[in-house]
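Descriptive structure summary
Residues per chain are reported as follows:
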Amino acid sequence: MGRGKLRIYLGAAPGVGKTYAMLSEAHRRLERGTDCVLAFVEHHDRPRTEVMLHGLEQVQRRELSYRGALFTEMDVDAVLARRPQVALVDELAHTNVPGSRNAKRWQDVEELLAAGVDVVSTVNIQHLESLGDVVESITGVRQQETVPDEFVRRTDQIELVDMSPEALRRRMAHGNVYKPDKVDAALSNYFRPGNLTALRELALLWVADRVDEYLQEYRSEHRVSAIWGSRERIVVGLTGGPEGRTLIRRAVRLAEKGAGGEVLAVYIARSDGLTAASPKELAVQRTLVEDLGGTFHHVIGDDIPAALLDFARGANATQIVLGSSRRKAWQYVFGPGVGATVARESGPDLDVHIVTHEEAAKGRGLPVARGARLGRARLLWGWMVGLAGPVTLALLLTTVDLGLANDMLLFLTVTVAAALLGGLLPALASAALGSLLLNYFYTPPLHHWSIADPKNIVAIVIFVGVGVSVASVVDLAARRTQQAARLRAESEILSFLAGDVLRGETSLEALLERVRETFGMDSAALLERESDVAPWTCAGRAGIGKPVGRPEEADVDVPVGDRVALALTGRVLPAEDRRVLAAFAAQAVVVLDRRRLQEEADRARTLAEGNRIRTALLAAVSHDLRTPLAGIKAAVSSLRSDDVEWSEEDEAELLESIEQGADRLDHLVGNLLDMSRLQTGTVTPIVREIDLDEVVPMALGGVPEGSVELDIPETLPMVAVDAGLLERSVANLVENAVKYSPDGERALVSASAMAERVEVRVVDRGRGVPDEAKERIFAPFQRYGDAPRGTGVGLGLAVARGFAEAMGGTLTAEDTPGGGLTMVLTLRAAGSRPGPLDTDVPGGVPAQPVPVRPERRAS
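In short, a report on the structure.

About the thresholds
Residues numbered from 1 in each chain as written. Predicted model: local features only at pLDDT ≥ 70, side-chain atom pairs only at ≥ 80, totals over all residues. Heavy atoms only, no water. Patch = residues over 30% accessible without salt bridge, like charges linked within 9 Å, V, L, I, M, F, W, Y side chains within 5 Å. Areas by Shrake-Rupley, 256 points an atom, 1.4 Å probe, with all protein chains shown as cover. Salt bridge = Lys/Arg side-chain N within 4 Å of Asp/Glu carboxyl O. Lys, Arg positive; Asp, Glu negative; His and termini not counted. Charge placed at Lys NZ, Arg CZ, Asp CG, Glu CD. Helix = DSSP H or I, 4+ residues; strand = E, 2+ residues; numbered from the N terminus. Buried < 20%, exposed > 50% of the residue type's maximum accessible area, 1.4 Å probe, protein only. Core = buried A, V, L, I, M, F, W, Y, C linked by side-chain atoms within 4.5 Å. Contact = heavy atoms within 4.5 Å. Polar contact = N/O pair within 3.5 Å; in protein donor to acceptor, adjacent residues only side chain to side chain. Pairing = 2+ DSSP bridges. Axes fitted to C-alpha atoms, helices over the stretch in contact; angles between N-to-C directions.

**Some details on a positive patch on the surface**
Residues Arg249, Arg250, Arg253 and Lys257 make up a contiguous surface patch of positive charge. You can see arginine 249 is positioned in helix H10 (residues 244-256). Owing to a relative accessible area of 40%, arginine 249 belongs among the partly exposed residues under this scheme.

See below:
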């Protein structure tokens, strides 16, 4: 059975009707005879959505217990056993309760798809992983539950459930989304018109990008070459010169004039060797275009106008931006230039913009790094002048008699011109042909291949010798110029590469991509093996095409030692390119070694931290655990002794000491276990909306009665926290405050609301902590000052901060006015939550985004 198909209903915000649309689709499929079941759907007490559940088969959910509460999750095994044609799974980005089959619901969906079951699901735009920073900047809250973009991109069908902000707010005001007591707070917080408009735009643009991907696939499959101007795409042609920055900014301004405009910067490199542009300048322009929201592309092509137009048509572009030519006026003799050629051949569907810049008509200053060969166009002109020039000159001289000396000088001029243009061979051909024409037409006897006067023989020999000498000098100078340009380009590439590698700014994949682009190859891979007989493995790869398993399978391979090789596919490189390629290979090995050293350093750092914690733990255990154990053992031994008759008061005192020792051990072991959970990252908060006066009083059970003063106003908003973690955090803070408070002074626990946050302050009147130690006291196994042994292992504050951060809060220390230390625990007010997130709370328990406090009881 093949893989199932996935259909996703995407919404910009909760309440737009994703679940309703999904259930409507289920009813339509049932009417067509399709076997549909509800694997997991939440109606969130919305009457219209709940009505849509009628008539649909629901798979029994799995019940899980976590932290004393019962939750329900989708039962993947039950759905697979039922094997429907279509399964409806709500809340794709939901985090499952610990102990479930998978950590995320999208992983459950992946199992259903792999088993051949079609799935229809829902997700909000704020839950896409790549948009976390953007959504946080809009709503002010970081999404804790996300689904990978790649999973959503592979969806067979995405349907946008759209609703204007005004319509969604009307739905809320009518009570179709939340209960009436939640509406006012929701409308004034998360569901503000600005938030909803920004999220809606984000959803529309994301779906538009996916539609564009589907369109590109269709055009590729059906080989559509005509431009479909569905959206503005602007291609910027770069030469690697400094004017590229001006062109990029101009193209971005053009794109901003239309909705959904896209900028694609492209550099065309010739396929006959190293790139002619400065790699440093290209890197700067790549960074600029990416910072401005565009993309950078590197294309190989000998015919620059044709390659540029092919790229633009392949990208379905609508406009091309080019810079004014840097050639001087006389250079237009050799052709119209790239800009004019592109404008002439672009056709009616492509608009071409020629942008002026400061470098226009100043000449090309970049080296032409194509080895020790003249260009193809220059060779062609050299041969044309060398062969056609003498013939044309002979025809012209038939009409006028200038004398043999002048005729020879004119033929010598043509030979020198051929040498300047085409090098040695065209000049030799011109000299040979010119000498024959001089002999036949201008030396007596005329029109014969013989020479009567010996002086004319010497003249013609001198003519040929001078022509050959000049051609040789010109050819050598041209080749040396090309070699110097090539070496300059090589040095720029290598220096820039070495700088990136030494600064650690280049990853192995980025370096291989640079190798591929520099030499115009299809792919580049770094292969390695552990021994001479071991198989080759790929340490890194860039480019397209079939992966290379061995160096022998590549078009070009550069060994680095016996066990590492750089393999490239695409074409065979000339020998002169291998010198630079060898340097690239050596740098790739350096990058690979640095990456492995970094991984080993990270592992060593982790081990060192673990060793430090274990050492501190052993030091703590040596006294802090043995002391209560010794007290318990002494008390038990005394009670069991037959030699002493204990009174009831003495027995009660011994039992009390046993209880106190057991409590100390329980508290100590609890902190150790909590610290272990924080170190291993296994703390999973179950965030709910609670009142502080429901949790804080419970946190005072471990301190003497009357040692703490509570000040929690009844007007405080509810907080979005894990009740258990909050209780442990406050308990540790209160215990610390009571420990350091002077005799007769009570610690104070107060709370206040600030904007969208609630602050809990635990205040003591002790000696305080200097500023330089305020962060250090939160490190594990730290006791400030001369705290006596036996007062704990220094984990209380570390655990309190770890739990606070796990709930999305913060814990800091500040001075108490008048002396002492104040611990400030900052929590998220329930009203600051980013709307009624369908998947923000594990276990399928929906969390209302902007709750209004119920009637409070007196504390």
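**Quick word on the nonpolar core**
Core analysis: the largest hydrophobic core is formed by 41 residues, its most contacted members being Leu692, Leu726, Met823, Leu825 and Leu827. For this core, the secondary structure elements donating two or more residues are helix H21 (692-695), strand S20 (719-721), helix H22 (723-740), strand S21 (747-754), strand S22 (757-763), helix H23 (796-806), strand S23 (810-815) and strand S24 (821-828). If you tally residues by element for this core, the top one is H22, at six residues. Residue contacts for leucine 825: discarding those within four places in its chain leaves Leu726, Val730, Leu733, Val758, Glu759, Val760, Ala804, Thr810 and Leu811. With 35 residues, the next largest nonpolar core counts Leu92, Val109, Val147 and Phe151 among its residues.

**Some points on a negative patch on the surface**
The grouping of Glu645, Glu648, Glu649, Asp650, Glu651, Glu653, Glu656, Glu659, Asp663 and Asp666 at the surface amounts to a negative patch. With respect to the helices and strands, glutamate 645 occurs in the loop between helix H19 (578-640) and helix H20 (648-680). Under the relative-accessibility criterion, glutamate 645 is labelled exposed at 77%.

**Observations concerning the pattern of salt bridges**
Inspection of every chain in the model, using the stated rule, returns 26 salt bridges. Here glutamate 509 makes a salt bridge to arginine 595, at a shortest N to O gap of 3.6 Å. Taken together, the residues glutamate 509 in helix H18 (residues 508-519) and arginine 595 in helix H19 connect sequence positions 86 residues apart. On the basis of relative accessibility, which here comes to 34%, the residue glutamate 509 falls in the partly exposed class. Classification of arginine 595 by relative accessible area gives partly exposed; the value is 30%. One salt bridge connects aspartate 771 with lysine 774, and the closest N-O pair in it is separated by 2.8 Å. One salt-bridge network, in which partners are shared between bridges, spans Arg7, Glu25, Arg28, Arg29 and Glu159.

**Concerning the side chain of asparagine 96**
Take asparagine 96: it is sitting in the loop between strand S6 (86-89) and helix H4 (105-114). Within polar-contact distance, the side chain of asparagine 96 engages the backbone oxygen of asparagine 102 at 2.8 Å.

**Considering the sheet that holds strand S16 (residues 556-560)**
Two modes of strand pairing occur in sheets, parallel and antiparallel, and in both the strands are linked by backbone hydrogen bonds. Ordered in space as S15-S14-S17-S16, the four strands form an open sheet in which the pairing is antiparallel. Of all the strands in the sheet, just strand S15 (537-543) and S16 have a single pairing partner and so form its edges. If you compare each strand with its neighbour and ignore which way they point, the axes differ by 15 degrees on average. Two elements, S16 and strand S17 (residues 564-569), share five bridges in a ladder whose sense is antiparallel. Within the sheet, the bridge partner assigned to aspartate 557 lies in S17 and is alanine 567. Those strands touched by H18 are strand S14 (523-528), S15 and S17, and its axis lies near 55 degrees from that of S15.

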